[in-house]
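Overview (structure and organization)
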Amino acid sequence: MAQSFPVLLVRHAPVMVPEGVCYGRQDVALRPGWERVTSGLAVLAQGAVCRVLYSSPAERCQQMARKLAASTGMDLRIDPRLAEMDFGEWEGQPWQDIDRGLLDAWAADPEGFVPPGGESGRALCRRVLAFWQDVQQAGTPACVLSHGGPLRVLSALAAGTPPALLAPSMPQGFARLFMVNGPAGLTPEVGTDEPALAPVVPLWPRDARRTPADVSLTFPKTDTGQTLT
């Protein structure tokens, strides 16, 4: 049996976007305080002995990734397959202003529907699956910094379950740790085992006296993303 290895999935810190606005590929700024999130992530990544840091090309991820790589020594790799879904003409629009008929069509077929000028859910799944297979093949403890859409797919793949594109997203500024099968066990069959899954946790541990190992093993109590507002 192939040896398992840790993969830490992370969603970037909260961003400066009004509530209810659609954004995916659009570049948006991180909220003040994102450095605290990155510091918490460094503790978790070191506790999980992550050696490679994969980041989305979006500036909101790269900004965190550059600081994180500098503080931990992880090898930083920017991977375009980790970009958020492209919402095309919907980018920057309030959800309430988008045609309700189109939103209903998306809800009815989240994989096949394509926002005007954008990307289908199926295309998102394909590129994320290709990335995941490369991570499994490498078998190297890794930290993956990305967005709600790709992380929804990655979490399902890591747990051995079918991706649900309209499932709730991991909150911004949170992380989830998986133990993943190595090269001999690529993409495990659904339902074969219970996923080796830690809770979704915030990246700003309140007890600064904890060591990286303490944090990675015990994890702080789940909190809301409102801490940074």
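Residues numbered from 1 in each chain as written. Predicted model: local features only at pLDDT ≥ 70, side-chain atom pairs only at ≥ 80, totals over all residues. Heavy atoms only, no water.

**Some points on the pattern of salt bridges**
Counted according to the given criterion, the structure contains eight salt bridges. Between Arg 25 and Glu 119 there is a salt bridge; the shortest N-O distance is 3.4 Å. Of the two residues, Arg 25 sits in the loop between strand E1 (5–11) and helix H1 (34–47) while Glu 119 sits in the loop between helix H3 (100–108) and helix H4 (121–138), which places them 94 residues apart along the sequence. Taking relative accessible area as the criterion, Glu 119 reaches 9% and is therefore assigned buried. Glu 59 serves as the salt-bridge partner of Arg 66, at 2.6 Å between the closest nitrogen and oxygen. By relative accessible area, which is 41% here, Arg 66 ends up partly exposed. Within the structure, one salt-bridge network assembled from shared partners comprises Arg 25, Glu 119 and Arg 127. (Salt bridge = Lys/Arg side-chain N within 4 Å of Asp/Glu carboxyl O. Helix = DSSP H or I, 4+ residues; strand = E, 2+ residues; numbered from the N terminus. Buried < 20%, exposed > 50% of the residue type's maximum accessible area, 1.4 Å probe, protein only.)

**Regarding the environment of Ala 175**
Within the secondary structure, Ala 175 sits in strand E5 (residues 174–180). A relative accessible area of 0% places Ala 175 in the buried class. The sequence separation of Ala 175 and His 12 amounts to 163 residues, and the corresponding C-alpha distance is 9.1 Å.

**Details of helix H5 (residues 148–159)**
Owing to its 3.6 residues per turn, the α-helix aligns residues three or four sequence positions apart on the same side. With 12 residues, H5 extends 16 Å between its outermost C-alpha atoms, agreeing within 8% with the 16 Å of an ideal straight helix rising 1.5 Å per residue. Counting buried positions along H5 yields 12 of 12 residues, so the element is predominantly enclosed. Where H5 is concerned, the buried positions are Gly 148, Gly 149, Pro 150, Leu 151, Arg 152, Val 153, Leu 154, Ser 155, Ala 156, Leu 157, Ala 158 and Ala 159. The elements touched by buried residues of H5 are E1, H4, strand E4 (142–146) and E5. Once H5 ends, the next one or two residues include Gly 160, with phi positive near 75°. (Expected span 1.5 Å × (residues − 1). Contact = heavy atoms within 4.5 Å.)

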